[in-house]
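Architecture and fold: a report
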Amino acid sequence: MNEDTERSTGAQPSTGGEPERVTDAERVTDAERVAERLVAAGRVAERKLSHSLREATVGELLADLGGLAADPDEPADVYGTGVVERLERRVAELLGTEDAAFFPTGTMAQQIALRCWAGRTGNPVVALHPMSHPERWEGGALSVVSGLRTVHPTGEPRQPAASEVAGLPEPFGTLMLELPLRDAGFLLPTWGELSALVDTARERDAVVHFDGARLWESTVHFGRTLPEIAALADSVYVSFYKSLGGLSGAALAGSASLVEEARVWRHRYGGQIFRQFPAALSALAGLERELPRLPSYVAKARTVASALSSALAAAPAVPWFRVTPEVPHTHQFQVWLPYDADRLTEAGVRLAEETGTMLFRRWSPDGPPGLSMTEVEVTAPGLSWTEADVAEAVAGFAARL
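Residues numbered from 1 in each chain as written. Predicted model: local features only at pLDDT ≥ 70, side-chain atom pairs only at ≥ 80, totals over all residues. Heavy atoms only, no water.

Quick look at the overall build of the chain now. Assigned secondary structure in the chain consists of 17 helices and twelve strands. In terms of overall dimensions, the chain is globule-like: its C-alpha atoms have a radius of gyration of 23 Å, near the 21 Å expected for 401 residues. A total of 401 residues make up the chain; the buried ones form 49% of that total. For the chain, restricting intrachain contacts to residue pairs at least 6 apart in sequence, the fraction spanning at least 24 positions comes to 72%. Charged side chains of the chain number 37 positive and 54 negative; the gap between the two group centres comes to 1 Å. (Helix = DSSP H or I, 4+ residues; strand = E, 2+ residues; numbered from the N terminus. Rg over C-alpha atoms; globule rule 2.2 N^0.38 Å. Buried < 20%, exposed > 50% of the residue type's maximum accessible area, 1.4 Å probe, protein only. Contact = heavy atoms within 4.5 Å. Lys, Arg positive; Asp, Glu negative; His and termini not counted. Charge placed at Lys NZ, Arg CZ, Asp CG, Glu CD.)

Now the structure itself:
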């Protein structure tokens, strides 16, 4: 066992005397050190495509929060009153639904939505993609907590087809569609495909729920307004921090009766929090500030994706690459390269530390053997990037592989 292994496992080298003390600093893993470097480099980077949610400090968040209240003398919210109610009304107005309820997490909002629909339809089976959030990132809560069961129209990394939903061999109560499907590359169906999926679910006597954590930026791809999109579904969940930059929180929108029932379950699940004004204020600010900017982010993401493809194709150190989708559906997309994930992450960190340009952040090995993937997001900091800026950044990144 070498020294690095000893430190990572907490083992003590045998010296024949008093055991050598391992400090907290020595217990930090290599992955944690890289994460710290990524945050530090991102905070001081002169050029980056987006802000990382991990870069803000407590002081910065508190300073921003202090200027968000329209009336600082307004009584503080208590169990969802005041500013929380204003946020709920605003979400319902934006989505064109009868009502909306604020939730501390999207996981809770979506679990409750699917549980409510199971009770209303009398069918605990949910048809959804195996790459969707409840299947990958919620610890099996649909079955463990809510007693629901899932079936998959397809296992391929794309949105399901209406024919696949129609061909499911058993009845299901709810069809859940993640819009966009993040883990497949932030993919959206076409408007015609989405309408066909909804119609097929109705023909199967099922309701439709949209996992719309990133629904806000889908209007460009669909060429439809938020109310038009939300009108296809029986319920919609939206997030306030993923695209809008809020502190946390989510909303479940739908009919007045569904939302009323969801509020009962919210209390049962422990989501009836005494004070929530920080999250609610930041969500309202995100709806005012970021929501109108999202179409410009999508347009710039398409420019950046095209420039990345050209630059990677011209880089001698890159034998193969993939940008997916080639034309991003939202302001986020994936890049795949045939290198070890740690090697790619290190190259990106060094580029940021040595040049002040943050191109890629963390890479993941969760894919086919020999390939690694990173997600690229374009927000306000990336709007000034030109194709030449992208080419220069790719050249610097490739030189550090």
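Our next topic: the side chain of Ser 239. Mapped onto the fold, Ser 239 is located in strand 7 (residues 235-239). A distance of 3.3 Å separates a polar side-chain atom of Ser 239 from the backbone nitrogen of Tyr 241. (Polar contact = N/O pair within 3.5 Å; in protein donor to acceptor, adjacent residues only side chain to side chain.)

Tallied over the entire structure, the rule returns one cavity of 30 Å³ or more. Here the largest cavity is characterised by a volume of approximately 30 Å³. What lines the largest cavity is His 129, Ser 132, Gln 159, Pro 160, Leu 177, Glu 178 and Leu 181. Across the lining of the largest cavity, the residue classes tally to three nonpolar, three polar and one charged. (1 Å grid on protein atoms, 1.4 Å probe; cavity = no way out; pocket = protein on both sides within 12 Å on 5 of 7 lines; lining within 4 Å. Points joined across faces, edges and corners; volume = space filled by probe spheres on them. Nonpolar A, V, L, I, M, F, W, Y, C, P; charged D, E, K, R; others polar.)

Put simply, helix 6 (residues 106-121) and helix 13 (residues 256-268) touch, their axes get as near as 10 Å, and they point 120 degrees apart. When you trace helix 6 past helix 13, the crossing you get is right-handed. Taking contact as the criterion, the partners of Met 108, Ile 112, Arg 115, Cys 116, Trp 117 and Arg 120 in helix 6 are, on helix 13, Ser 257, Leu 258, Glu 261, Ala 262, Trp 265 and Arg 266. Per-class residue counts for the contact of helix 6 with helix 13 are seven nonpolar, one polar and four charged. (Axes fitted to C-alpha atoms, helices over the stretch in contact; angles between N-to-C directions. Left-handed = near helix turned anticlockwise from the far one by under 90°.)

Close approach of charged atoms lets side chains of opposite charge pair. In the structure shown here, the tally under the stated rule is 24 salt bridges. In this structure, Arg 47 engages Glu 392 in a salt bridge whose closest nitrogen and oxygen atoms are separated by 3.9 Å. Placement of Arg 47 in strand 1 (residues 47-48) and of Glu 392 in helix 17 (residues 387-399) is noted, with a sequence separation of 345 residues between them. In the salt-bridge network here, residues are joined through shared partners; they are Glu 88, Asp 99, Arg 263 and Arg 266. (Salt bridge = Lys/Arg side-chain N within 4 Å of Asp/Glu carboxyl O.)

Below, the discussion takes up the nonpolar core. Ranked by size, the top nonpolar core spans 53 residues in total, and within it Val 91, Leu 95, Phe 210, Trp 216 and Phe 240 carry the most contacts. Tallying contributions element by element places helix 5 (residues 83-95) first for this core, with seven residues. The residues contacting Phe 240, other than those within four sequence positions of it, are Leu 87, Val 91, Phe 102, Trp 216, Gly 245, Gly 246, Ser 248, Gly 249, Ala 250, Ala 251 and Ala 283. (Core = buried A, V, L, I, M, F, W, Y, C linked by side-chain atoms within 4.5 Å.)

Time to look at a nonpolar patch on the surface. Together, Val 78, Tyr 79 and Phe 274 make up a nonpolar patch on the protein surface, roughly 270 Å² of accessible area in all. Note that Val 78 resides in the loop between helix 4 (58-66) and helix 5. Residue classification places Val 78 among the partly exposed residues on the basis of a relative accessible area of 32%. (Patch = residues over 30% accessible without salt bridge, like charges linked within 9 Å, V, L, I, M, F, W, Y side chains within 5 Å. Areas by Shrake-Rupley, 256 points an atom, 1.4 Å probe, with all protein chains shown as cover.)

Before going further, it helps to examine the sheet that holds strand 9 (residues 322-324). Taken together, the three strands give an open sheet; going across it, the order is 9-10-12, and neighbouring strands pair in antiparallel fashion. On the outer flanks of this sheet lie strand 9 and strand 12 (372-377), each paired with one strand and no other. The sheet shows a mean angle of 25 degrees between the axes of neighbouring strands, taken without regard to direction. Sheet topology places strand 10 (residues 332-337) next to strand 12; six bridges connect them, and they run antiparallel. Within strand 12, the residue paired with Gln 332 across the bridge is Glu 377. Its contacts with the sheet put helix 15 (residues 294-314) on strand 9 and strand 10, and the angle it makes with strand 10 is roughly 10 degrees. (Pairing = 2+ DSSP bridges.)

A word on the sheet that holds strand 4 (residues 149-151). The sheet built from seven strands is open, its strands ordered 2-8-7-6-5-3-4 with mixed pairing. Strand pairing shows two members of the sheet lacking a second neighbour, strand 2 (99-103) and strand 4, which therefore form its edges. With strand direction ignored, the average angle separating the axes of adjacent strands in the sheet is 25 degrees. As paired strands, strand 7 and strand 8 (residues 250-254) are joined by five bridges and run antiparallel to one another. Counted as the bridge partner of Ser 239 is Ala 250 from strand 8.

Here we take up the packing of aromatic side chains. Tallied over the entire structure, the rule returns seven aromatic pairs. Seen in terms of ring centroids, Trp 265 and Tyr 269 are 6.2 Å apart; in terms of plane orientation they differ by 75 degrees. Their pairing is edge-to-face. Accessibility expressed as a relative area gives 19% for Trp 265, which makes it buried. Residues Phe 360 and Phe 397 carry aromatic rings whose centres are separated by 5.0 Å and whose planes lie at 80 degrees to one another, so their mutual orientation is edge-to-face. Of the two residues, Phe 360 is situated in the loop between strand 11 (357-358) and strand 12 and Phe 397 in helix 17; the sequence distance between them amounts to 37 residues. Both residues of the pair, Phe 360 and Phe 397, belong to the buried class. (Phe/Tyr/Trp six-rings, centres within 6.5 Å; stacked < 30°, edge-to-face > 60°.)

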